[in-house]
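# Descriptive structure summary
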Amino acid sequence: MEVQAGVEKETVKERLTEILALCERDRSRLIPILQSVQDAFGYLPREAILEVASYLGMTDVQVYGVASFYNLFRFTPLGKHPIQMCMGTACHVVGGGLVLEALERVLDIEVGGITEDGELSLDRVACIGCCGLAPVMVIGKKIYPKMTPTKVDEALVNLKIETKEAARD
Ligand code: FES
């Protein structure tokens, strides 16, 4: 998925019109509609929740209530470097939760949040298919295998260095 910072209100409206034109006006389609919206923006902007609610004849509170029930939806933009901590069973049983706690502490954000500078966002995800490397963290497209809470600082420092080097090239 393409990483997107917060999007302009007008852009949201235009894209939503295109998305909703392809969606059946049926409340039972709410989840797939929200998935399409999140695929387009990287998160569910407030304006999008209002538009989807109006399209389906629901209240924004109802739409938000459904969306917030599922871990897969986020309500803030993704950071430039989205961090995903796998919380599938294999990762969970070997300490994925402790790594996630360490990430929250070091970044000073909660799951679903974004750092103040917009650089990093944090999400928990279901199995990403490399259980043999558990617990697994992903930053952007890079996989960090066999994570521990003590490896979190090192991974973030390396990311900073790599980002600086990439900017120089
Ligand atoms: S459970 Fe984490 S990669 Fe499968």
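Here, every reference points to the structure presented above.
A word on the overall build of the protein. Per the secondary structure count, the protein includes 7 helices and 4 strands. Each helix and strand of the protein, ordered N terminal to C terminal, gives the series α-α-α-α-β-α-α-β-β-β-α. C-alpha atoms of the protein, sized along the principal axes, occupy 50 × 40 × 25 Å. Charge separation in the protein, taken as the distance between the mean sites of 18 positive and 24 negative side-chain charges, equals 3 Å.

Turning our eyes to something else, we now look at the pairing of strand E2 (residues 120-125). Across the 6 residues that make up E2, a large majority, 5, are buried. When strand E1 (residues 81-86) meets E2, the two strands line up parallel, connected through 6 bridges. Across the sheet, Pro-82 pairs through a bridge with Ser-121, a residue of E2.

The end-to-end C-alpha separation of helix H1 (residues 9-21) is 18 Å, in line with the 18 Å expected for 13 residues at 1.5 Å each. Buried within H1 we find Val-12, Leu-16, Ile-19 and Leu-20. Take H1 and look down its axis: the buried residues cluster within an arc of 85°, on one side only. Across from the buried face of H1, at angles greater than 90 degrees, the exposed residues are Glu-10, Glu-14, Thr-17 and Ala-21. Those residues of H1 that are buried lie in contact with helix H2 (30-41) and helix H3 (46-56).

What counts and what doesn't
Residue indices begin from 1 for each chain and proceed along its sequence in written order. The predicted origin of the model limits local features to residues at a pLDDT of at least 70 and limits the giving and counting of side-chain atom pairs to 80 or more, whereas totals for whole chains, interfaces and linings rest on all residues. Side-chain numbers come from the whole structure's heavy atoms, not from hydrogens or water. In DSSP terms, a helix is any run of H or I states spanning at least four residues, a strand is any run of E spanning at least two, and both are numbered starting from the N terminus. Note that His is not counted, nor are the chain ends; the positive residues are Lys and Arg, and the negative ones are Asp and Glu. By convention, the point assigned to a charge is CZ for Arg, NZ for Lys, CD for Glu and CG for Asp. Working definition: with a 1.4 Å probe on protein chains only, accessible area under 20% of the residue-type maximum means buried, over 50% means exposed, and in between means partly exposed. Strands qualify as paired when DSSP identifies two bridges or more between them. Here a helix's expected span is defined as the number of its residues, less one, multiplied by 1.5 Å. This arc is taken over the directions from the axis of the helix to the C-beta atoms. We call two residues contacting when some pair of their heavy atoms lies within 4.5 Å.

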